[in-house]
Structures are given as structure tokens and as C-alpha cells.
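A look at the structure
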Amino acid sequence: MIISTKSLSRKIWQNLSLVKILGKEAKVFSTTAQAKPKPIDQDDNIEKQANEDLISFTNYRFIYPEFLPDPNPLYRNPIREKLERMDMLARRSVLDIPEFYVGSILGVTYSEQHAPGKVNRFVGICILREGAGLNSTFLLRNVVNGEGVEVRYNLYDPTIQKIDCLKLEKRLDDELLYLRDAPLEYSTFPFDIEADVKPPGFVPLNDIKIPLNPRPWLEKWERKNLKGVRDLVLNMRRIKQAAAAVKPWEKYDLMKIYRKTIPEEEQNEIFSEVHTDLRQLEIQKNILKRKNTLAKPKKPV
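Right, let's walk through the structure included here. Chains are numbered independently. Their residues run from 1 in the order of the written sequence. Totals for whole chains, interfaces and linings use every residue, but because this is a predicted model, local features are given only for residues with pLDDT of at least 70 and side-chain atom pairs only at 80 or more, for both listing and counting. Side-chain metrics rest on all non-hydrogen atoms present in the structure, leaving aside hydrogens and water.

Describing the overall build of the protein
Broken down by element type, the protein carries 6 helices and 7 strands. Under the scheme used here, helices are H or I runs from DSSP no shorter than 4 residues and strands are E runs no shorter than 2 residues, and both carry numbers assigned from the N terminus. Put simply, the protein runs from its N terminus to its C terminus through helices and strands in the order α-α-α-β-β-β-β-β-β-β-α-α-α. Burial classes follow relative accessibility: with a 1.4 Å probe on protein chains only, a residue under 20% of its type's maximum area counts as buried, one over 50% as exposed, and anything between as partly exposed. Looking at the 301 residues of the protein, the share that counts as buried comes to 31%. Should any heavy atoms of two residues lie within 4.5 Å, those residues are counted as being in contact. When contacts within the protein are restricted to residue pairs at least 6 apart in sequence, long-range pairs at least 24 apart make up 66% of them. The protein chains shown are the only cover counted for residues, whose accessible areas, like all others here, come from Shrake-Rupley with a 1.4 Å probe. Total accessible area computed for the protein in this model is approximately 21,600 Å², and 57% of it derives from carbon and sulfur atoms.

Pasting the structure below:
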């Protein structure tokens, strides 16, 4: 009986392939086989990165509140808002605008519009921050020669040359306009105050409670529900009027809250557009801070 080499080789290869298949199945169904670690799915990485971005976006609404548009629909314009965000990023690439809040002490160096070549610097505590986009402003207060002085700046004003956050902190209230009726010592800061450097990501809360001067006041502060004010001296008439003006049901008015805020989904959409540019600016700013810290001369002991 003659068997051709071609048919023999074909049968041999078939048997070998069958042995390979059985060997693979035996390894899979064997009780002694060790399970191989599953490779990391690409979708899991994308989901993890998306969650990290959302966490950073929630911080951005506190660090960069001016990137959020005006919640009033009458002043909304998506094209104008997008163009303004581009202009703000371009301005931030030239001017280092630090993180600050109401209650932080800032030093602003700016050029005088009516005196070419002259540069001034004002130091004060931030008592108000408002506005949106290129119209965002902040108000600084200090005492000069025994008189309270307040200066309002546009955050993206081209005449501003430098903004220094000399002391980064928060207060219990969103605005500190009641410092106008407080003793001057709570609004007095030296112009040569040294910067108090804090580690990144740490914002201390100053829970100081300030007493107000005797009446008359500029506003009816007893109706503002202020947390940073103590020892309000009121007569019975003003106490009754303040109690009658209280509206405790407003915190349950969902439509009023909705009209005063930007939805979270829209916030994430806005910050996703500028996240990359802001992150690069933050990295550059941290590098410059480290260089300045290393180059700063130490005081002699």
C-alpha cells in the first residue's frame, strides 16, 4: 500500500492543529490554571480621565468664576461669550492673574491713564467680586491717611501690569461691604506687606467676626444674614422690622435658585473648552513660582 507524502503531511498537520486546540481548551478549563490579569480597558481609562476632569471643573467654578456667563438670559449671547473666553485666555497668557477670593489681600500695579509712564500700586482687601466675562470686576479697600479708600478694577483691564495675592484666604461672607461701617483697623493694611506664600490647593478660612460702629450705617446690615458680624446694637423697632423682612421660604424656591445660577452641565461644557489652556497656564505659573522661590535671597540670621 502506497501512501503519498502529500496526504500524510496533511493528516499530520491536522492532528497537530487538533492537539493545539485541545491543549488550549485544557488550559482554559483546568482548575489549576491561574487566571491571567485582564488588560486595562481603554474605556475605563477614558471614564477615569473624564471623572478627574469633572472634579477639576468643580474647582474651576470657584477659581475662575469670571468664565461663567451671566445667569440672566437677557444678557446671554453664546457667540459673544465664546469670543470673550478666547480674549480672557489670551490676556492670562500675558498677565499672571492669581487665585483669590473675597477676603484676600491683593496688590495691584497699574499704569495711570492720564499720566503716561507713571505706575502706581494699591494694596487692599478684596471686599467684592462680581461680573462675568470681560466685565468682571473686584473691589479693594484700604485706609490711607485715616480715610477709607476703595478702588474698583476690571480684572482684564489692559492698564493692569501685575496682580499679587499677598494673602490668600476666604471669609465667612460672600461680600465684605460692611467693612465700610466697621472700625478702620479691620481695613488697614501696610503697602509694603510681605506675601504670605501658601502651598497650592490650600485656601484657609478666616472666621473672624467684626464688630460694627454705632449707627447710622450705610445699609441695614441686620437684614443681610451676615456671618462675619457680631454685636449688632439694635432697638426693638429695628429688630421687629428685620424679623418681618425675613423670607425663610426663599431657600425652597427652586426656580429662583435656577435663575441665579448656571446649570452644572453647562459649567462643565464651558470649562471643557478652556481646560487645556488653563492647565498649561497653571503649569507655567508653578514653574515660575519655583524659580522665584529658589532665586529669592534668604534673610541673614
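Now that the structure is up, let's keep going.
Concerning the environment of R129
Within the secondary structure, R129 sits in strand β2 (residues 119-130). Put simply, R129 and L176 are 47 residues apart on the chain and 9.9 Å apart in space, counted from C-alpha to C-alpha. Dropping the residues within four chain positions of it, R129 is found in contact with I63, P65, E66, F100, V102, T137, F138 and L155. We call two N or O atoms a polar contact when they sit within 3.5 Å, provided that within protein one can donate a hydrogen and the other can accept it, with sequence-adjacent residues counted only if both atoms are side-chain atoms. Among the polar contacts made by the side chain of R129, one reaches the side chain of E66 at a distance of 3.0 Å. A distance of 2.8 Å separates the side chain of R129 from the backbone oxygen of F100, its partner in a polar contact.

Structural notes on the pattern of salt bridges
Salt bridge, as used here: a side-chain nitrogen of Lys or Arg that lies within 4 Å of a carboxyl oxygen of Asp or Glu. On inspection of all chains with the given rule, the structure shows 17 salt bridges. Notably, a salt bridge pairs E266 with R76, separated by 2.5 Å at the nearest N-O pair. Residue E266 is located in helix α6 (residues 264-295), and its partner R76 is located in the loop between α2 (42-63) and α3 (78-94); the two are separated by 190 residues in the primary sequence. Classification of E266 as partly exposed rests on a relative accessible area of 24%. Close ionic contact of D164 with R121 constitutes a salt bridge, the shortest N to O distance being 3.7 Å. Placement of D164 in strand β5 (residues 160-167) and of R121 in strand β2 is noted, with a sequence separation of 43 residues between them. With a relative accessible area of 19%, D164 lands in the buried category.

Overview of the pairing of β2
Sheet analysis places strand β1 (residues 105-111) next to β2, joined by 7 bridges and oriented antiparallel. Bridge pairing links T109 to R121 in β2. Inspection of the sheet shows β2 paired to strand β3 (residues 137-144) by 5 bridges, in the antiparallel sense. Opposite L128, over in β3, you have L139 as the bridge partner. Two strands make a pair as long as DSSP finds a minimum of two bridges between them. Counting the residues in the hairpin turn of β2 and β3 gives 6 residues, including G131, whose phi is positive at 90°.

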